[in-house]
Each structure stands twice: as C-alpha cells, then as structure tokens.
Number of protein chains: 2
Amino acid sequence: MQISERMKNVSGSAIRELFKVLGDPEIISFGGGNPAKECFPKQWAADTAQSLIAEKGDVLLQYGPTEGYLPLRKAYIDKVLAPLGIEATLDNVITTTGSMQGLDLIAKTVINPGDYVLVEEPTFLGTIQIFNIAQANIITVPMHEDGVHADELEEMVKKYRPVLFYTIPTFQNPTSLVMPVEVRRVAARLAAEYDMLVVEDDPYASLRFTGEALPLIKTFDTSDNTILLTSFSKTISPGLRVACCCGNPELVRKMVVAKQGSDTHSPNLNQALVERFLIEDRMPAHLDYINGVYSSSCNAMMKAIREYFPDWVKVNDPEGGLFIWCTLPAGWDADAVFHRSVSEKLVAFVPGAPFYVQKELGANSFRLNFSAEPEARITEGIRRLGDLLREMDAEMKAI
Amino acid sequence: MQISERMKNVSGSAIRELFKVLGDPEIISFGGGNPAKECFPKQWAADTAQSLIAEKGDVLLQYGPTEGYLPLRKAYIDKVLAPLGIEATLDNVITTTGSMQGLDLIAKTVINPGDYVLVEEPTFLGTIQIFNIAQANIITVPMHEDGVHADELEEMVKKYRPVLFYTIPTFQNPTSLVMPVEVRRVAARLAAEYDMLVVEDDPYASLRFTGEALPLIKTFDTSDNTILLTSFSKTISPGLRVACCCGNPELVRKMVVAKQGSDTHSPNLNQALVERFLIEDRMPAHLDYINGVYSSSCNAMMKAIREYFPDWVKVNDPEGGLFIWCTLPAGWDADAVFHRSVSEKLVAFVPGAPFYVQKELGANSFRLNFSAEPEARITEGIRRLGDLLREMDAEMKAI
C-alpha cells in the first residue's frame, strides 16, 4: 500500500495531537481554542433540534444541495454580511463543514503544486498544514507588534506574485493582533493590482471585548478577489461544524464542484440550527453574554500573568479573541517548557513553532487560550507556569 | 485569480446538477439516490437529538476528536463489523462526513498525480470525479452481466500495477450487480500479491430484498490491504452525513491527518445520533421495514417496466439496492432521451455516460432509482418513459 508524496511529510496538527493530553481533567489546559462550555446555547439547541427534525425532518434528513441549505445562505447574506456592509447574492455564498473545509476547498480550487502562497508569520497552524498538503511554496510576511507592515506585504507580493494571501485580520491566531485599516486597504488594492486572491479568515472578530470594530478587507474589495470565511464555531458551537463563505461567483462555483467530491454537502440539521439562531436574532445578545465571559477570563489571565510571570516574558493584552501570545527571551525553547509544564505542573498550552513556517523563529514563543477554563484554574495554571519559568531560568543560569 | 489545473477540467456531478430539476415537484424523479422520506426515523431522531444535546451538549457542541466520536467508533466495531465477521480495534476505525469524504481522504493519502487507479466500468460517478481531481490515471475493468470477471481483473492489475482498485461489490451503483464470492476472493488475493489497496465501498449491502448476503472482500483480506467504507446514508439518513471506515492502522492514521486539514472533525451530534441508533439495536427492525418499502417499490417499477417499456430495452432485476440499470440498443443516445423526458414527459433519470470513464461506452444506458417516489408515480413515470422510447424509436425509423 502506497502513501502519497503530499502526505508523506505532513505530520498531525500539534493542537489536535494535544487533544489526547487535554482529555485528562487533571490538566489545566490553555491549549486548543475551545469555547467555554457555558457559552453554548445548549437548551435552545436541544429544543430547536427537536422541533426542526419534527417539522422539517423530511428535508433535513434527506440529501441537501452542495452549495448549502438555502435558508442559511439567505440568513448569512441578510444577518451577517449586510450588517458588515457587504452586499452579496446567493451566487457568492457556499456553506462549508467548518471554515477548515472552506480553506481546503480554496486550496483545491486555486493552488497548483509549487505555487507561492503568502501567509502572516506566525499564522494558524491548520492553514500551514492545508497549504503543505496542497504542495504550495509557503512564503511569509512577519507579524510585528502592530501586525503586518504594508510595505513588507507589497514587497512580497511584487517579488513572488503569490496566488493568494491568507490573513486573519482581526484577533489573529495565534497573536490576537488586529490589522490596521490602512493595511486592510492595501491588501485589497494588491488583490486587484496583482490579480491575487485574498483569503480573509474571520472566526474571531465578533469576540471583541473593547475598542472599535474595523471594516473587513472584503469591504474594500473592488476586484472581487477577496474571499471571506465566516465561522460559527467560536460564536455558536464548533461541534456543529458550520461555516459560510462569501467570494466571487466563479471561484464559489468551482468550490461547489470541489465540495461535491469532498463531502457531497454539509449536514442539513446543523445548518438549519445556525440559520434559526441567526433568524431569531439571537446573536447580538448571545455575543454580549459570551464576550462578557471571555473578557472576564482574559482579564483574569492577564492579572495572573502580571502577578506570576517573570517580567522578561513579553505578553500581548488582546482586545478580543481567545488567545494571549507570549514571547520568551531569545534562546528559550518553548517546546521544552511545554513538556515540563505538562508533566511537572499539569498545565498545557501550545508552543509557538507549529505556527511558524520557519519553525526556528517560533521556538521561544507560546500561545495561551483563556476560554476553556474557569477563572480559579486560570489563576492557578498561570501561577504554576510562572513558577516553572523561574525554575528553568534559575537552572539555565546555574549551568 | 487563478483556477488550479486539477479543477479546470472537472465539471459538476451530473446527479448534483440534476438536483435543480428535481426541486420541481411536478417532475417524477428516478434520478438521484434519495431514500424514501417515510424511511427516515424522524420522530426518533427528533427526540433523541433533544435528549442527546440536553444531556451531553457540553461534549457534543464542543470540538471533537478528528478520528471520530469514540462511542460511535466502538459501536461500529461491535454492532456493524463484528456481525460481518470483521475483527477490528479502534486503530482501524475513523468516522467521516459521509463515505464521499472517506474516499476523498483515501485519494489524498494514497494517490500521486499520474498514478493508475482501477475501477469497475460503469461505476459511481462521484468516484470518477474524486479520482479526476486527484489527477489519477483511471483505468477500468468492464462490468458484464455477472459483474467483473476475475481474469480480466487480474490482467489489469498485472499490467498496470494500479495503486488501488475501487469497487462496490454489492448492489453496485449504477448496475445493482453483486460481485460473486470467488471474485471477492481474487480481489483480496490481488491486494496481497501486488500490495494494492482495495477500496470496498459498501453503502447498499444492507438493502437486500431477496437472496443470501455474501461475505465482504474485507473478510478475505489477509494483507490488511482492504479498506471498507460503511455509509449510514441509505440506512438511516443521508442528511446527517455520517459514515465509518475500517482499514489498516497506518493508512487510517494518515487519513486522520488528512482529515485535520479537511474539516477538523465530523459533527459530534450527528455521530452521536448514529451511535444511539446502533446501540439501541434499532437497525435490524429498521432494515426489515425499509427493505419492505424498497422491495415493493422495486417490484412496482419492474412490473411497470414489463408492461410499458419496449422489449428491446435491456433491464436488470436487482436483488437489492436502489437502482435499476437499463440499456438501450446500440446507437441510442440516453442523454437525448433524458432531455426530452424532462421537458416533454416531466420524468427525470440519470443518463449512463457520467458513470463511464470512456463516456461513449455509456451513451445508450441509463439508471432508474425507485426509492424516492410513491408507487403510483413510479407506474405513471415508467408509462410516460415507455411512451417516449416508442415515439423516439418511431421517429428514428421514419428518417
């Protein structure tokens, strides 16, 4: 039995592999990007699933269209895109089995092996994995303390003519940085000038605790070369696996054909649940609630970090999203910290290297998630991690 | 914006494109492979979805493991594989978002562009699409009136050394033919001798109206080179998009990695519904019920065919499955019949060519599905189609 070239050198996602550790309830987990369980609309979902199947079971249990469940595509246009200032028709919209599938369909539809694709560095490790499987040449533009710099972005696009630029402009994973408006404008301009696709991945923008929402790159898109991925995993439920995608009709049409050969269509019941949630206008109040929870968790983690981390750990203070990004002094190996943290302190997080294309650049960084643990465990976990960092520092100095 | 080479020449599935026609309730549809809506366990699914979310919402609405929902993987081993005489452990099993995804993951994991892959001809058109997107060289072994011949199969394997042989051994789509036991043994032997993967796609075997069930190829597998795709789309519900797959641990492990980059994991609620259905031992009685319905629909269609079709239409009489395969005399164009049938008679079916790799071989054949329409409409549809065939025959003779 043969293993294909594209899969030979692809290893599993570091986060997915972490899942096995995370199954242990003794471990305080700042890994993953799991929403807090109290943020799931559980009773509503239970009752709505029952009434949806009882009333529309003949449709929902049957095969559905590959483009997606029509009422959800309409609700996405009216309740999500329109309020963001994005005009779209049904031809622009496909629903996917999570945004990961949207990205996979884009890779299948756009990338030839050997093509250049441009990503922020660091970036979402799942994206690196998908582009590796697509056998793309991944090139990078660095994230500075204020995100990607427009001049560096333009230089890379000019020099390499990548087929696409993948970005998470708001509360980026893993850095939680927000791309400034002027850089968003530049990205849209470059898409037009170089006939390059901009993939705007937007799972986190609704999770804003403070500050002003910024317009999406898609709102500056004059060439129809920006494709927007909207996930409902962080706002409603990741277990339902529902996302929507808005792009130019030619690309969306090809993605539909690729999706026929990926999973035929996304499950109907799951799409209908998200549609009901949108149509019943539950999102605004729900976001108020979950942003209250996450803002409070984030504050608890930042407070504990200020109290327990050595001051030589560089830490961002996010305005939203799910992550706090930490950088250790040069020479530190966050992977070694991770292994000792799990075994000695029963605290998990994600080391930085998997978020980097040039792994060595990420060796001294790590990502903390604050949405999956109650505040008491957040404080305790950060205290233990701070202890470990001091211990390791003392050991290094003793050598 | 670029479209990739692999997608440039791939057109949409003929059946998926048909869906647009099928939306019209005036059309009597023998296209698609939709289960009858009265065969969905609707009330059970509604009540069980509610109680599952209410009781286990914290787990089901959260991210789940890429390998699949653990209780379903266990139930598949105990309630599906064991009764078939297949011993398996968790390392052998992954759940997928429908068997289409299982096939896509196998293609990603095994096929390099240019590799030979062997399929029955005709075969499931979705498989041809997936292998085209994988840029494989598709070679074929013909389906005779008694299915694939062992000597022709061996000759093709010997000559081309394909990386895999894809087969639907029981109630094949589109022919409804059943692969004899001795050919199944040969397929397993060839898998071992040539280190070739056998992909045994099994969505229909449970839908048997008459005759004896045959052992799966997987039961003859001595080299662990057979991978079994088990779908719950035809037996429980296609809209849930749940399938399971049993293969060798190395391949399954790589498929898990590929699935991380496809849709992260299949939705949990949907997997939990299927697990409950299996664990509550609902399948045997449910299959008795739906096979009664389908057997009766199939008989109604065969009776109408004998009454209304000209005797020069060659028709199989299936022992199970969802399809009746028809062959017109040489020179007929089933595609032309299809277009007139839809516009003049309001009757839809699937022309044969899309099921063929060498499209010209399928020009005079077509597939009828009997599971999606009530018996009165089946009889009426076949009467109209018979009328059209006679009309077209008379027109041809008049030229």
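Quick caveat, the model's predicted, so the values are computed rather than measured.

Our focus in this paragraph is the overall build of chain A. When helices and strands are tallied, chain A shows 13 helices and 13 strands. The principal-axis extent of the C-alpha atoms belonging to chain A is close to 65 × 55 × 55 Å. For chain A, the proportion of its 399 residues judged to be buried stands at 63%. Excluding contacts between residues fewer than 6 apart, the proportion of contacts in chain A whose partners are at least 24 apart in sequence is 76%. Looking at chain A as shown, the accessible area adds up to about 14,100 Å², and 51% of this sits on carbon and sulfur atoms. Taken as two groups, the 38 positive and 52 negative side-chain charges of chain A have centres that lie 3 Å from each other.

A word on the side chain of B:N173. Residue and element names in this part refer to chain B. Within the secondary structure layout, N173 lies in the loop between β5 (164–167) and α8 (181–193). We classify N173 as buried; its relative accessible area is 3%. For N173, the residues in contact, after removing those within four places along its chain, are T123, F124, I168, Y204, F323, F355 and R367.

Turning our eyes to something else, we now look at the state of the cysteines. All names here are of chain B. Inspection of the entire model under this criterion finds 0 disulfides over all chains. Cysteine C39 shares no disulfide, and the gap to the nearest cysteine sulfur, in C298, comes to 14 Å. A relative accessible area of 3% places C39 in the buried class. C245 takes part in no disulfide bond, and the closest cysteine sulfur to it belongs to C246, at a distance of 7.3 Å.

This part covers the domain arrangement of chain A. All names here are of chain A. When cut into domains, chain A gives domain 1 (5–40 + 284–398) and domain 2 (63–281). Relative placement of domain 1 and domain 2: their C-alpha centres are 25 Å apart. Between domain 1 and domain 2, the residue contacts involve 39 residues of the former and 34 residues of the latter. Interface of domain 1 and domain 2: buried area, both sides summed, is about 2,900 Å²; carbon and sulfur atoms make up 65% of it. Together, E319, F355 and V357 form the three largest contributors to the area buried by domain 1 at its contact with domain 2, with a combined 22%. The tally of links from domain 1 across to domain 2 stands at 2 salt bridges. E145 is paired through a salt bridge with K314; the nearest N and O atoms lie 3.8 Å apart. At the junction of domain 1 and domain 2, the tally comes to 14 residue pairs in polar contact (both at pLDDT 80 or more). Secondary structure elements with two or more residues in the side of domain 1 that touches domain 2: α1 (5–8), α2 (14–22), α11 (283–308) and β10 (323–327). Here the element with the most residues in the side of domain 1 that touches domain 2 is α11; it accounts for 8 residues.

Parameters at a glance
- Residues numbered from 1 in each chain as written.
- Chains lettered and ligands numbered in written order.
- Predicted model: local features only at pLDDT ≥ 70, side-chain atom pairs only at ≥ 80, totals over all residues.
- Heavy atoms only, no water.
- Helix = DSSP H or I, 4+ residues; strand = E, 2+ residues; numbered from the N terminus.
- Buried < 20%, exposed > 50% of the residue type's maximum accessible area, 1.4 Å probe, protein only.
- Contact = heavy atoms within 4.5 Å.
- Areas by Shrake-Rupley, 256 points an atom, 1.4 Å probe, with all protein chains shown as cover.
- Lys, Arg positive; Asp, Glu negative; His and termini not counted.
- Charge placed at Lys NZ, Arg CZ, Asp CG, Glu CD.
- Disulfide = S-S within 2.5 Å.
- Domains from an automatic or database assignment.
- Buried area = accessible area lost by both parts, 1.4 Å probe.
- Salt bridge = Lys/Arg side-chain N within 4 Å of Asp/Glu carboxyl O.
- Polar contact = N/O pair within 3.5 Å; in protein donor to acceptor, adjacent residues only side chain to side chain.

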